[in-house]
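Coordinate inspection notes
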Amino acid sequence: MSLAYDVFVNDPPPRNDGFLPNGDSKGGSPVASTLIYGSEEAVLTDPAFTTDQARALGDWVAGKGRKVTDIFITHGHGDHWFAAGLLAERFGARIIATAGTIAQMHAGVAGRPFLWDKIYGGKIPPAPVTAVTVPRNRFTLEGHDLLMVEVGHADTDDNSVLHVPDLGLVVAGDVIYNGVHMYLGQSATVGFGPWRDAIGRVEALSPRFIVTGHKNAGLDDDAQRTIDQTRQYLDDAEELLRTESTATGFFGAKIARYPDHLGRLILWVSARALYGVREHPEEQLARITLNSWL
Ligand SMILES: [Zn+2]
């Protein structure tokens, strides 16, 4: 039996704590979850973070009529996995990730009271880290190989992607983006070189399809287009960092180049972190990125 995949995109939970410099409400980014399935069983990826998102995603998954064996998490950012426990319980599934991602998940839990719970209050369920590793980062779905590939730093440290060779598919988490503003804050001190290396590692897998962790649901999953546009976004960011002297200027210039991109909150957060590091090189990056969200 051959495999197939389908994607569910959860809308961001609403925020009512102020506005962006151009007057937009803060909002957030859509989160994409992928269901890879055979005739009986399925694997789910990155199941978002609020209780409401877990319910919407879970109902969609239930409608597919497969037994969910595993839930794979690409990286440690809470918006990709705080709801994983609810889905694991609903479907009796195991949560799996690389050792590097599991360490980042623990860091995400430690930082949760200072960031996520401040912004989203009671919308996020309890999320102890229950993910486990699998030998050689490999597992199977109805006899087909699924490979966790470690690609290093992208929008955070220790990113991984899921390669499904028999589908020509890579589930890329936040290494590749698709029509959504990219989170650049955690690259503010290291620059975009490591992220470009990570993109190259994804490209070396020769995928036909890439499902990104944040996508505009109206766009397709064409691998080369999403790779090219992700590189271009980094190129543009580097150029604008040279030509714009303030975070507000960077924010406005990016919107002018990417008027249809979703998630302008993420653009503003990224701009604040990038210029925060420039203006306060003595401060810890973790403190600057935290403040950029609040
Ligand atoms: Zn993300």
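Provided above is the structure to which this section pertains.
Residues numbered from 1 in each chain as written. Predicted model: local features only at pLDDT ≥ 70, side-chain atom pairs only at ≥ 80, totals over all residues. Heavy atoms only, no water.

**Notes on the packing of aromatic side chains**
Cut-off, in case you're wondering: Think of it this way: a Phe, Tyr or Trp ring, Trp meaning its six-membered ring, pairs with another when their centres are within 6.5 Å, and the plane angle makes it stacked under 30 degrees, edge-to-face over 60, tilted otherwise. What counts as a helix is a DSSP run of H or I of at least four residues, what counts as a strand is a run of E of at least two, and both are numbered from the N terminus. Placement of a charge over a ring requires the Lys NZ or Arg CZ to be within 6 Å of the ring centre, with the centre-to-atom vector within 35 degrees of the ring normal.
Scanning all chains against the criterion turns up 11 aromatic pairs. Ring geometry for Y183 and W293: centres 5.4 Å apart, planes at 50 degrees, overall tilted. Of this pair, Y183 sits in the loop between β9 (169-173) and α5 (193-203) while W293 sits in helix α9 (residues 285-293); the two residues are 110 residues apart in sequence, bridging distant segments of the chain. Site record: aromatic cluster; members linked through ring pairs are F49, W81, F82, W116 and Y120. Lying over the aromatic face of F82, R112 brings its terminal NZ or CZ to 5.3 Å of the ring centre.

**Remarks on the nonpolar core**
Note the cut-off: To qualify as a nonpolar core, a set must consist of buried Ala, Val, Leu, Ile, Met, Phe, Trp, Tyr and Cys residues joined through side-chain atoms within 4.5 Å. Accessible area is worked out with a 1.4 Å probe on protein chains only. A residue is then buried under 20% of its type maximum, exposed over 50%, and partly exposed in between. The criterion used for residue contact is that any of the two residues' heavy atoms lie within 4.5 Å.
In this structure, I71, V175, L184, W195 and F250 are the most contacted members of the largest nonpolar core, which totals 79 residues. For this core, the element with the highest residue contribution is helix α8 (residues 264-279), accounting for 10 residues. Each residue touching F250, except ones within four places of it in the same chain, is listed here: L184, A237, L240, L241, E244, L267, A271, L274 and Y275.

**Here's the deal with the side chain of S292**
Secondary-structure assignment places S292 in helix α9. Apart from the residues lying within four places of it in its own chain, the contact partners of S292 are V269, R272 and A273.

**What to know about unusual backbone geometry**
The residue A48 is not glycine, and still its phi comes out positive at about 65 degrees. Mapping A48 onto the fold places it in the loop between β3 (41-45) and α1 (51-62). The exposure class assigned to A48 is buried, which follows from its relative accessible area of 0%. Not every positive phi belongs to a glycine, and R136 is a case in point at roughly 55 degrees. If you trace the backbone, R136 turns up in the loop between α4 (116-120) and β6 (138-141). Under the relative-accessibility criterion, R136 is labelled exposed at 70%.

**Here we look at the packing of α1 against helix α2 (residues 84-91)**
The following threshold applies: Angles run from 0 to 180 degrees between N-to-C directions of axes, and those axes are lines fitted to C-alpha atoms, restricted for helices to the stretch in contact. A clockwise turn of the near helix away from the far one marks a right-handed crossing, whereas an anticlockwise turn of less than a right angle marks a left-handed crossing. Under the convention adopted here, Pro, Cys and the residues Ala, Val, Leu, Ile, Met, Phe, Trp and Tyr are nonpolar, Asp, Glu, Lys and Arg are charged, and Gly plus all remaining residues are polar.
The geometry of α1 relative to α2 is characterised by a closest axis approach of 9 Å and an angle of 35 degrees between their N-to-C directions. Relative to α2, α1 is oriented so that their crossing is right-handed. Packed against α1, whose contacting residues are T51, A54, R55, L57, G58, D59, V61 and A62, the element α2 presents L86, L87, R90 and F91 at the interface. Class assignment of the residues belonging to the contact of α1 with α2 gives a composition of seven nonpolar, two polar and three charged.

**Here's the deal with the sheet that holds strand β7 (residues 144-152)**
Strands in a sheet are paired, the pairing made by backbone hydrogen bonds, and the direction either parallel or antiparallel. In plain terms, the rule: The rule for pairing is simple: two strands pair if DSSP sees at least two bridges between them.
Taken in spatial order, the five strands line up as β6-β7-β8-β9-β10 in an open sheet, and their pairing is mixed. The open sheet has two free edges, formed respectively by β6 and β10 (209-212), since each of these has just one partner strand. Pairwise comparison of adjacent strand axes, ignoring direction, gives a mean angle of 25 degrees for this sheet. Summarising the sheet, strand β8 (residues 159-164) and β9 pair through three bridges and their orientation is antiparallel. Note that in β9 the partner of L162 across the bridge is V171.

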